[in-house]
Amino acid sequence: MSAFVTRFAPSPTGYLHRGHAFSALTAFEAAQVAGGRFLLRVEDIDRTRCRPEYEAAIHEDLAWLGLDWETPVRRQSDHMSDYGAALRELSERGLTYRCFRTRREVAEAIESAPHGAMEAFRGAALPPEEEARRVEAGEPYAWRLSLDAAERALGGIGGLSFLEEGEGPNGERGAILARPRLGGDVVLARKDVGVAYHLAVVTDDASQGVSHVIRGNDLFEAAHVQRLLQALLGLPAPTYCHHRLLTSPDGRRFAKRDGAQTLRELRASGMTPDSLREELGF
Ligand code: GLU
């Protein structure tokens, strides 16, 4: 078997629709062509939005589509201590800070940056006494990555790059210079959840030995930040293969919030897996 390992990593916050089917089939077929491995990963860190029936449906719908995957399936909620360890490592090296700001305060800070609006939030740790007082008072805080500290730790982030074998939203491919500044000081651990998307994904991709990250190009920008986190944590950099987003005949992308027809609805209406695969170009 080749060293090719890829994954499909849905969040069980709703039923899967055509867009998910396209993404899962893209990853699954790539693994087959490469003689590699295909993993399913359940990204369920946000316990308030995830539901067991959606998780069960992911398994059911993907099996209906004709996919199979290795077991046991990694569920992020079972690995909170791994993410905690990664966060501690970064914090012990002075690469993070506590951020007590509300969403609104973050938006205001972006708007009122001294040299004109920033693209994304950049902040800093509070003075130690104020921080200690607010922690003591039980005020909730997120942990953010300090780009300034990251830059110092790596002796500059200008030389970081990742390999794109698919295509970003503007046709980006090949060796891509990582521009983590686009994302600002990203949240590594949310106030409510204790971890956040980028840190969980980077930790999981490394511990699962994912060689190829295959996913929709709405997550292309995420690769810039994720590459930085890999460098800081000493993790291998996977190859990225972002794919186009599937759009409906009227040119809109499929999305849960637009009420895209779910795979279960398609199935109930008599669609067969073969006809869906064909419609999606597989
Ligand atoms: N869980 C993410 C989503 O459902 C995908 C994460 C990834 O592929 O990196 O959009």
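Everything below is about the structure printed above this text.
The model shown is predicted, which means the values in this text are computed figures rather than measured ones. Every chain begins its residue count from 1, and numbering advances along the sequence as written. Predicted model: local features are reported for residues with pLDDT of at least 70 only, side-chain atom pairs are reported and counted for 80 or more only, and whole-chain, interface and lining totals are derived from all residues. Hydrogens and water are ignored here; the side-chain numbers use all heavy atoms of the structure.

Novice: Which residues make up the overall build of the protein chain, and what values go with them?
Specialist: Helical segments are the DSSP runs of H or I of at least four residues, strand segments are the runs of E of at least two, and each set is numbered from the N terminus. Each helix and strand counted, the protein chain has ten helices and ten strands in total. The C-alpha atoms of the protein chain give a radius of gyration of 20 Å, which matches the 19 Å a tight globule of 282 residues would have. Viewed in the frame of its principal axes, the protein chain has a C-alpha envelope of about 65 × 40 × 40 Å. The buried share among the 282 residues of the protein chain stands at 48%. Throughout, the radius of gyration refers to the C-alpha atoms, and the reference size of a globule is 2.2 Å times the residue count to the power 0.38. For every residue, the accessible area (1.4 Å probe, protein chains only) is compared with the maximum for its type, and the residue is labelled buried under 20%, exposed over 50%, or partly exposed between those bounds.

Novice: Tell me about the site of the ligand, and name the residues and values.
Specialist: Note on definitions. A residue lies near a molecule or strand when any single heavy atom of the residue is within 4 Å of it. Surveying the vicinity of the ligand reveals the residues Arg7, Ala9, Pro10, Ser11, Glu43, Tyr197, Val201, Arg215 and Leu219. Between the ligand and Ser11, the relevant distance is 3.4 Å, taken from a nitrogen atom to a side-chain nitrogen or oxygen of the residue. Any pair of N or O atoms that falls within 3.5 Å is considered a polar contact. Within protein, one atom must be able to donate a hydrogen and the other to accept it, and sequence-neighbouring residues count only if both atoms are side-chain atoms. A distance of 2.8 Å separates an oxygen atom of the ligand from a polar atom in the side chain of Arg215. Accessible surface area values rest on a Shrake-Rupley calculation with a 1.4 Å probe, where residue burial reflects the displayed protein chains alone. Relative to its unbound accessible area of 300 Å², the ligand is 77% covered by the protein chains. Residue composition of the shell around the ligand, grouped by class: five nonpolar, one polar and three charged. When residue character is reported, Ala, Val, Leu, Ile, Met, Phe, Trp, Tyr, Cys and Pro are called nonpolar, Asp, Glu, Lys and Arg charged, and the others, Gly included, polar.

Novice: Please provide a residue-by-residue account of the side chain of Glu55, values included.
Specialist: Within the element layout of this structure, Glu55 appears in helix H2 (residues 52-64). Classification of Glu55 by relative accessible area gives buried; the value is 15%. A distance of 2.6 Å separates polar atoms of two side chains, one belonging to Glu55 and the other to Arg75.

Novice: Go over the pattern of salt bridges with me, naming the residues and quoting the values.
Specialist: Think of it this way: side chains of opposite charge can pair up when their charged atoms draw near. A side-chain nitrogen of Lys or Arg and a carboxyl oxygen of Asp or Glu constitute a salt bridge if their distance falls within 4 Å. Tallied over the full model, the rule gives 28 salt bridges. Where Glu108 meets Arg104, a salt bridge forms, and the shortest distance between an N and an O atom there is 3.4 Å. With Glu108 and Arg104 both in helix H4 (residues 103-111) and four residues apart, the pair spans about one turn of that helix. The exposure class assigned to Arg104 is exposed, which follows from its relative accessible area of 62%. One salt bridge in this structure joins Glu139 and Arg134, with 2.9 Å as the shortest N-O distance. Judged by its relative accessible area of 29%, Glu139 is partly exposed. Because the salt bridges share partners, they merge into one network encompassing Arg7, Arg41, Glu43, Arg74, Asp82, Asp204 and Asp205.

Novice: So what about the packing of helix H6 (residues 147-154) against helix H8 (residues 220-233)? Which residues, and what values?
Specialist: Following both chains from N to C, one finds H6 and H8 inclined at 50 degrees, their axes separated by 11 Å at the closest point. In terms of orientation, H6 and H8 fall into the oblique class. Note that H6 runs across H8; the crossing there is left-handed. Of the residues in H8, those touching H6 at Leu147, Ala150, Ala153 and Leu154 are Leu228, Ala231 and Leu232. Helix axes are fitted only over the stretch in contact, all axes being lines through C-alpha atoms; the angle between N-to-C directions runs from 0 to 180 degrees. Note that the term roughly parallel is reserved for angles under 35 degrees, roughly antiparallel for angles over 145, roughly perpendicular for angles of 65 to 115, and oblique for everything else. Note on convention: near helix rotated counterclockwise from far helix by under a right angle means a left-handed crossing. Clockwise means right-handed. Any two residues whose heavy atoms approach within 4.5 Å are treated as being in contact.

Novice: An account of the packing of aromatic side chains is requested, with residue identities and associated values reported.
Specialist: Classification of ring pairs rests on two measures: the distance between centres of Phe, Tyr or Trp rings, Trp counted by its six-membered ring, which must be within 6.5 Å, and the angle between planes, read as stacked under 30 degrees, edge-to-face over 60 and tilted in between. Per the counting criterion, the structure on display carries seven aromatic pairs. Consider the rings of Phe162 and Phe220, whose centres lie 5.9 Å apart with planes at 65 degrees: the pair is edge-to-face. Linking Phe162 in strand S6 (residues 161-164) with Phe220 in helix H8, this pair joins segments that are 58 residues apart in sequence. In this structure, Phe162 and Phe220 share a single accessibility class: buried. Feature note: the residues Phe100, Tyr141 and Trp143 constitute an aromatic cluster, connected by ring pairs.

Novice: Run through the nonpolar core, naming residues and quoting values.
Specialist: In plain words, nonpolar cores are sets of buried Ala, Val, Leu, Ile, Met, Phe, Trp, Tyr and Cys residues tied together by side-chain atoms within 4.5 Å. By size, the foremost hydrophobic cluster in this structure holds 36 residues, and its most contacted members are Leu90, Leu145, Leu188, Leu199 and Leu228. Only helix H3 (80-92), strand S5 (142-145), H6, strand S8 (187-189), helix H7 (197-207) and H8 provide two or more residues apiece to this core. Here this core gets seven residues from one element, more than from any other, and that element is H8. Setting aside its immediate chain neighbours within four residues, Leu145 contacts Leu95, Thr96, Tyr97, Asp185, Val186, Leu188, Leu228, Leu229 and Leu232. Counting 30 residues, the second largest nonpolar core, distinct from the first, contains Leu25, Trp64, Trp69 and Leu280.

Novice: I'd like to hear about the environment of Gly209, residue by residue, with values.
Specialist: Position of Gly209 among the secondary structure elements: in the loop between H7 and strand S9 (212-216). Note on Gly209: relative accessible area 39%, which makes it partly exposed. For the pair Gly209 and Pro236, spaced 27 residues apart in the sequence, the C-alpha separation amounts to 8.8 Å.

Novice: So what's going on with the sheet that holds strand S4 (residues 96-99)? Residues and values would help.
Specialist: The three strands lie next to each other as S4-S5-S8, forming an open sheet whose pairing is antiparallel. Unpaired on one side and paired on the other, S4 and S8 mark the two borders of the sheet. Strand-to-strand twist in this sheet, taken as the mean axis angle between neighbours without regard to direction, amounts to 45 degrees. Bridge count between S5 and S8: two bridges; the pairing is antiparallel. Bridge assignment links Trp143 to a residue of S8, and that residue is Ala189. Strand pairing requires that DSSP identify at least two bridges connecting the strands.

Note that all results are geometric; they support no functional claim without further evidence.
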